[in-house]
Amino acid sequence: MLAQTPIKGKLVDAGGAPLVGASVGIKGTTRGTTTNAAGEFSIDAKPGETLEFSMVGFQAASTKVSATTDHLTVQLQPKLSAVEEVIVIGYGTQKRASVTGAISSVNSKTVKELPVASVAQALQGRVTGLQVTNNGSPGTDPIVRIRGISSISYAPNPLYVIDGLPTGDLSTIDTRDIENVDVLKDASAAAIYGSRATNGVIMITTKKGQRSGKIRVSLDSYVGTQDVTKRLSLLNTAQFQQYAIAYRGSNVARLMAPWVNTPIYQGTTQTYGQTNTNWQDAYFKSGVMTQHNIGLSGGNDVSRFYASAGYFDQTGIAPTVGYKRYNFRINSEHNISKVFTFGENLYLADGEQAYDNNEAGSRSNLINVIRIMPHMPVYDPTTTDGFRGVNSVLDGGDPTNPIEDATVKNPGTRSTLKILGSAYAEVSFTKWLKFRSTIGIDYANGLDYRFSPIFNDSGTVAGSSAILAGVTNNRSVSTVKLYTQQLTFDRTFGNHHFNAIAVYEYLQQKIRNENASGNQASNNIQVLNNATNVSVQTLKYEGNLISYVGRLSYDYKGKYLLSGAIRQDGLSIWAPGKKWKVFPSGSVGWRIDQEDFMKSLTEISELKVRAGYGLTGLNGFALGFNPWQQVVNASSAYYPFGNVFTSGPASSIQALGNASLEWETTKSLNFGLDMGLLNNTITLSAEYFRRTTDNLILAVPVFPSAGYLVNTVPQNIASMTNNGFELQLGYTKRTGEFRWNASGLISFITNNVTKLAPGVKNLEAGADADLSEGYNVTNTAVGHPIQSFYGWQTEGIFQDATDVSKHATQTAGTGPGDLKFKDVDGNGVIDNNDRVFLGSYIPTFTYSINLGASYKNFDVSTFWQGVQGNKIFNATRTISEGMIRFFNASTKVLDAWTPTHTNTSVPRAISSDPNQNARPSNRFIEDGSYLRLKNVMIGYTIPDKRLQTMTNGVVRSFRIYFSAQNVLTITKYSGFDPEVGNRQVNSSSLTNGIDAAVYPQPHAYQVGIQANF
């Protein structure tokens, strides 16, 4: 047996500087050590054993020990530079240096910095041209837009591809499993996905095992809390009485004798006059959030694997809402021989979203938090459900108890079982010719369940009681099967490098929906067995997509780059003759830094220009499975037999179809510049793009004489452009043991509608009796951004009757103290023709700043994210300040105009708002710009040497950290949260940026650990 001998040595970097804290180990054993302050090490090893050297930021190295080995000097090379990084481009990978399209990458470290359920949320502010807007309580998908809006009638969501398999519902995907995210932004990059790529493509690559011969275990875990960031200033009981007298002319009955001295419920001494409920404090609560992920990975020259199990749980800051997920993953790859390789990726997740069915809308629970009177108690132990409702006669209005609504009447659960898996077999005919056959499945089984019990809260308003319990049981099963056959050619001939792929792909999607509801006479029976008033609907859909794909990439000496792709898609949902379409793309690039004349300019480490053009399509499945046809409505008409008009039921076709309907397509042009200075210490990437969609689908009016009940037909007829500029800057610096980095992103975009349909002058949306006095809030018209805000301009407040008489006629009830609206057309009457465009919800630019530093074993980072130049229609203020009807209100109403208080911008308080002061106007349009400290993190990593001693070599690394999110928001916006989305995002509602008390983003704090074994 060979004896161990001491081996001493030194580790240095490429410049000869010592590497401090580098790991030195014996391959296949747990024996190891770390280098000291001089980069030196000493370790006992036997001849024939292999020493392994590693350090963060450097490529690993190894050397075999011989009988004569006693001293070593090992030089570690830095890890791949940015230009050598390999990125995913769709049906393959490519070195970043050779990329000619607009592609941005986000690594695993960045993705998992934020404690969020969805990878889409983790990407907010991380990619130029990518705008992510949070849009509700935990488990609700955010709104994701890549380079603007590309459709008027359909939600422009990007295509998500995980390990080559298209999918959706990213909330079920564990961000801790992700290795890298690549965002394909322009058509030259994304057109490889053809008819589904207009809104961009987000490629997600999950982790794989390393072929190191060792088993690695990782643990990533945190726990934290979250709370609401802001509360509104609402009236207390004394102020409410003051407002009631101003608005109604008298106090509410409940706050006058004898009711004011009456106990709020039997058995208590507290009276209505003594009650002063802070409904925001009662509604908002602290939420707990936690996530745990344990990973197991390893591999050798034959096989490698990665497995993980995860748990995520987030309770919201409002009653009953939250999201919980359990997940498991196994990825593996096996080299069966030099010719055959087999691999698989399997992911299982069980997610459950607890939601409030009354979270959105003009009478949502958060709106009722604003509206309900402060003299009303939240709870009443004498009622059947323990809550207390409003009496409209005694209390002056008809809001429902929002805490009761959320916890008793409207809680629901959406459960989703997700199976996402693929398997492939690869045959390597030669080193330069490979064939891969892949099968995949995306299975989602969802159940939406709600139970609304029998109750009575002693109130008299609608929604204060129920004599029957309600059961809702909606199930949806989606199965997507994918079959991909791909041939890849990759070879170099001298200075010429060619890469080509040919792909055949077949995708099938089947959807089964079962929607059932009914009533029960007892709260003890919470299923539909023996229910009354049962309603059942079953639906079945199937769609198929066949694709032929080809791509050729060429480079000469690695500096002249050319790429072209073509995809032909055939989709079953279109009419005969319209099922197939070709989507071509091409791009060129020039790596100027590789030219001989650049060799003397050593300060420039990278310089590349590129340009691309392509055609992409809107995912046809977004239109449904028969968009060109119209269904036959059974029992929707009558046959007039025997001179009796309603004698027999009949079927009817109520709308006109369009066999010429086809994909919305977008033409995209992109120019880019990539630059690195001082060995990429400073990096820059700039893009200019122009996207034009000229066959948008709109509902075009049909002559009434055609005889259809639906008086529109869908046609490819409208057009729209999106132009933009993107800039990304980065800086990294290392001085001894101190490192710091800074990066910044900024994206500018302009949207313009260039054409609508004949007979369609504009598209208005957003009308609501409670939020806008029944008027539309947005207007989509030629020459303006899509869905611009639209309404009247105010010119101050009428001060007296003479002031009213001299102005254009507004309403019959207009009087002193009312808002004065501008007579735009000068006809002496204020009407719909005086409305003007008031701004856009689309930001002028979005930006982010990331700052990080580390010293020895400490690290700190801050991440700022912001938007600038967008407008918000603050419908929360029409509720709290609009005074349309009598409810509780903002303290702003105490500043309302009176004959003795004229120096104010708040109109008079008067019953029913006869002047319609709360109509859409610039009064409620606010600047939605904000800069938010999205994340701050402080961490400490236990030194390797101390850790080895403490754990006897079991723990390789251990980091503990503290992080906080949304702790500071700089904004002029007066609502709960300036991050406002669209609660009808999956429809053509055109109501983005209307804030009807949207669920606000909380501030949160966590403590976590990251360990490797």
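Residues numbered from 1 in each chain as written. Predicted model: local features only at pLDDT ≥ 70, side-chain atom pairs only at ≥ 80, totals over all residues. Heavy atoms only, no water.

Chemist: Explain the overall build of the protein here, please?
Modeler: Counting its regular elements, the protein contains twelve helices and 51 strands. Compactness check: the protein gives a C-alpha radius of gyration of 32 Å against a globular reference of 31 Å for 1013 residues, within 12% of the reference. C-alpha extents for the protein along the principal axes are approximately 105 × 70 × 65 Å. The buried share of the protein, taken over its 1013 residues, is 52%. Sequence separation of 24 or more characterises 69% of the internal contacts of the protein that already satisfy a separation of 6 or more. Of the roughly 42800 Å² of accessible surface on the protein, 55% is carried by carbon and sulfur atoms. (Helix = DSSP H or I, 4+ residues; strand = E, 2+ residues; numbered from the N terminus. Rg over C-alpha atoms; globule rule 2.2 N^0.38 Å. Buried < 20%, exposed > 50% of the residue type's maximum accessible area, 1.4 Å probe, protein only. Contact = heavy atoms within 4.5 Å. Areas by Shrake-Rupley, 256 points an atom, 1.4 Å probe, with all protein chains shown as cover.)

Chemist: What is the right way to look at the pattern of salt bridges in this model?
Modeler: Close approach of charged atoms allows side chains of opposite charge to pair. Overall, the coordinates contain 42 salt bridges when judged by the stated rule. Through salt bridges with shared partners, a single network forms among R147, K185, K608, R610, D674, E687 and E726. (Salt bridge = Lys/Arg side-chain N within 4 Å of Asp/Glu carboxyl O.)

Chemist: What is the right way to read the side chain of D818 from this model?
Modeler: Mapping D818 onto the fold places it in the loop between helix 10 (801–806) and strand 42 (819–821). For D818, a relative accessible area of 0% puts it in the buried group. Engagement of the side chain of D818 in a polar contact is seen with the side chain of N917, the distance being 2.9 Å. (Polar contact = N/O pair within 3.5 Å; in protein donor to acceptor, adjacent residues only side chain to side chain.)

Chemist: Can you help me understand the environment of R450 in this one?
Modeler: Summarising the element assignment, R450 is placed in strand 23 (residues 433–452). For the pair R450 and G412, spaced 38 residues apart in sequence, the C-alpha to C-alpha distance is 4.5 Å. The residues contacting R450, other than those within four sequence positions of it, are Y355, N357, N410, P411, G412, G470, V471 and T472. At 3.4 Å, the side chain of R450 and the side chain of Y355 are in polar contact.

Chemist: Before we go on, may I ask you to explain the packing of aromatic side chains in this structure?
Modeler: Any two aromatic rings considered together are summarised by their centre-to-centre distance and by the angle between their planes. Inspection of every chain in the model, using the stated rule, returns 31 aromatic pairs. Ring geometry for Y541 against F625: centres 5.2 Å apart, planes inclined by 20°, an arrangement best described as stacked. Taken together, the residues span a long stretch of sequence, with Y541 in strand 28 (residues 532–556) and F625 in the loop between strand 31 (604–617) and strand 32 (632–639) at a distance of 84 residues. Under the relative-accessibility criterion, F625 is labelled buried at 17%. Their ring planes at 65° and their centres at 5.6 Å tell us that W574 and W663 sit as a pair that is edge-to-face. Within this pair, whereas W574 is found in the loop between strand 29 (560–571) and strand 30 (580–591), its partner W663 is found in the loop between strand 33 (648–653) and strand 34 (665–677), the two being separated by 89 residues in sequence. Judged by its relative accessible area of 1%, W574 falls in the buried class. Accessibility expressed as a relative area gives 1% for W663, which makes it buried. Geometry around Y355 places R414 over its ring, the cationic atom sitting 3.6 Å from the centre. Just above the ring of Y424 sits the side chain of R436; from NZ or CZ to the centre is 3.9 Å. (Phe/Tyr/Trp six-rings, centres within 6.5 Å; stacked < 30°, edge-to-face > 60°. Lys NZ or Arg CZ within 6 Å of the ring centre and 35° of its normal.)

Chemist: Sorry, what's going on with the environment of G125 here?
Modeler: One can find G125 in the loop between helix 2 (119–122) and strand 11 (130–133). Here G125 falls in the buried class, since its relative accessible area comes to 14%. Note: C-alpha distance between G125 and S719 (594 residues apart in sequence) is 29 Å. Among all residues touching G125, those that are not within four sequence positions of it are L745, S848, F863 and Q865.

Chemist: What should I look at first to understand helix 4 (residues 237–248) in this one?
Modeler: Each α-helix winds once per 3.6 residues, and so residues spaced three or four apart point in a common direction. With twelve residues, helix 4 ought to run about 16 Å at 1.5 Å a step, and its terminal C-alpha atoms sit 16 Å apart, in line with that. Those residues of helix 4 that sit buried are T237, F240, Y243, A244 and Y247. An end-on view of helix 4 places all buried positions within 110° of arc, on one side of the element. Packing partners of the buried residues in helix 4 comprise helix 7 (392–395). (Expected span 1.5 Å × (residues − 1). Arc of directions from axis to C-beta.)

Chemist: What is the right way to look at the sheet that holds strand 4 (residues 40–45) in this model?
Modeler: Whenever strands of a sheet pair, they do so through backbone hydrogen bonds, lying parallel or antiparallel. Spatially, 4-1-7 is the arrangement adopted by the three strands of the open sheet, whose pairing is mixed. Since the sheet does not close on itself, it has two edges, and those belong to strand 4 and strand 7 (71–75), each with one partner. With direction set aside, neighbouring strand axes in the sheet form an average angle of 30°. Strand direction decides the pairing type here: strand 1 (residues 5–12) and strand 4, joined by six bridges, are antiparallel. Bridge pairing in strand 4 links I7 to I43. (Pairing = 2+ DSSP bridges. Axes fitted to C-alpha atoms, helices over the stretch in contact; angles between N-to-C directions.)

Chemist: Sorry if this is basic, but what is going on with the side chain of D977 here?
Modeler: Residue placement: D977 occurs in the loop between strand 50 (968–971) and strand 51 (1003–1012). Overall, the relative accessible area of 4% leaves D977 in the buried class. Within the local environment of D977, its side chain forms a polar contact with the side chain of R932, the two groups lying 2.6 Å apart. Engagement of the side chain of D977 in a polar contact is seen with the backbone nitrogen of E979, the distance being 3.2 Å. With sequence-adjacent residues up to four places away left out, D977 is seen in contact with R932, D995, P1000 and Q1001.

Chemist: For this particular structure, what's the right way to read the UniProt feature "domain: TonB-dependent receptor plug" (unreviewed entry) in the protein?
Modeler: UniProt's entry tags residues 97–201 with the feature "domain: TonB-dependent receptor plug" (unreviewed entry), counted in the numbering of this structure. Within the segment residues 97–201, helix and strand shares are 11% and 27% respectively, and the terminal C-alpha atoms sit 20 Å apart. (UniProt positions renumbered as here; feature names shortened; annotations may be inferred.)

Chemist: Can you help me understand a nonpolar patch on the surface in this one?
Modeler: Together, V223, V288, I960, F962, V967, L968, I970, Y1005 and V1007 make up a nonpolar patch on the protein surface, roughly 720 Å² of accessible area in all. Broken down by secondary-structure element, the contributors of at least two residues to the nonpolar patch are strand 49 (957–965), strand 50 and strand 51. Topologically, L968 is positioned in strand 50. L968 sits in the partly exposed class, given a relative accessible area of 38%. (Patch = residues over 30% accessible without salt bridge, like charges linked within 9 Å, V, L, I, M, F, W, Y side chains within 5 Å.)

Chemist: I would appreciate a short explanation of the nonpolar core in the present structure.
Modeler: What tends to happen in soluble globular proteins is that the nonpolar side chains get buried as a cluster. Judged by nonpolar contacts, the single largest core of 74 residues is most densely connected at I152, Y243, I786, F789 and F873. Formed by 44 residues, the second largest nonpolar core is a distinct cluster that contains L130, L170, V181 and V183. (Core = buried A, V, L, I, M, F, W, Y, C linked by side-chain atoms within 4.5 Å.)

Chemist: What is the right way to read the pairing of strand 36 (residues 712–735) from this model?
Modeler: Each regular strand carries side chains that alternate between the two faces of the sheet. One ladder, built from 18 bridges, connects strand 35 (residues 682–701) with strand 36; its direction is antiparallel. Bridge assignment links V700 to a residue of strand 36, and that residue is V713. Examined bridge by bridge, strand 36 and strand 37 (residues 738–755) share 17 bridges and lie antiparallel to one another. Across the sheet, L727 pairs through a bridge with I746, a residue of strand 37. In this structure, the hairpin formed by strand 36 and strand 37 is closed by a connection of two residues, where G736 is found at a positive phi of approximately 65°.

Chemist: Got a minute to help me understand the environment of Y483 in this structure?
Modeler: Structurally, Y483 can be placed in strand 26 (residues 469–493). Spatially, the C-alpha atoms of Y483 and I439 are 4.7 Å apart, while their sequence positions differ by 44 residues.

Chemist: How do you make sense of unusual backbone geometry when you look at a structure like this?
Modeler: In most cases, non-glycine residues show a negative phi, while peptide bonds are predominantly trans. A cis amide bond links A257 to the next residue, P258, at an omega of 0°. In this fold, P258 is placed in the loop between helix 4 and helix 5 (279–283). Positive phi, close to 70°, is recorded for T320, a residue that is not glycine. Among the secondary structure elements, T320 is positioned in the loop between strand 19 (303–315) and strand 20 (322–335). Since its relative accessible area comes to 29%, T320 is described here as partly exposed. At S912, a position not held by glycine, the phi torsion is positive, near 70°. With respect to the secondary-structure elements, S912 resides in the loop between helix 11 (875–880) and strand 47 (925–927).

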